[in-house]
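Residue strings, one per chain:
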Amino acid sequence: VQLQASGGGLVQAGGSLRLSCAASGRTFSLYNMAWFRQAPGKEREFVAAITWSGGFTYYVDSVKGRFTISRDNAKNTVYLQMNSLKPEDAALYYCAAGRTVERSIARMYDYWGQGTQVTVSS
């Protein structure tokens, strides 16, 4: 599976962005998908995950109520809708695919996209 993340950019605090992660390969629908982020000088942080069917979603506490992860298996794409963005949300955002149930642990994912930069101005 190859992943291509897009949709990042510069937005003012309180604004919104929608990230997309397009996957190649016919097995996309078999994978749980996740978004992680990494700010300069910090470790990669789990943001959100969605199960292979889209039936369950999980979020880090700091984004609950503001971010929504979704997927369209017909389009081999996973999305991260980010609303009410804060300066502390600024980071390089990565999408990841894996069969793991350890959804918040980065090393448990098998495939990674290249990252898309999100910048939030205050």
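Before any of the text, the structure's been laid out above.
These numbers were taken from a predicted model, which means no experiment stands behind them. (Residues numbered from 1 in each chain as written. Predicted model: local features only at pLDDT ≥ 70, side-chain atom pairs only at ≥ 80, totals over all residues. Heavy atoms only, no water.)

### Here we look at the pattern of salt bridges
- Counted under the stated rule, the structure contains four salt bridges.
- Of the charged contacts in the structure, one is a salt bridge between Glu 45 and Arg 37, with a shortest N-O distance of 2.7 Å.
- The partly exposed category is assigned to Glu 45, whose relative accessible area is 31%.
- For Arg 37, a relative accessible area of 6% gives the class buried.
- Where Arg 37 meets Asp 89, a salt bridge forms, and the shortest distance between an N and an O atom there is 3.0 Å. Residue Arg 37 is found in strand 4 (residues 32-38), and its partner Asp 89 is found in the loop between strand 8 (77-82) and strand 9 (91-98); the two are separated by 52 residues along the sequence.
- Here the salt bridges do not stand alone but share partners, grouping Arg 37, Glu 45, Arg 66 and Asp 89 into one network. (Salt bridge = Lys/Arg side-chain N within 4 Å of Asp/Glu carboxyl O. Buried < 20%, exposed > 50% of the residue type's maximum accessible area, 1.4 Å probe, protein only. Helix = DSSP H or I, 4+ residues; strand = E, 2+ residues; numbered from the N terminus.)

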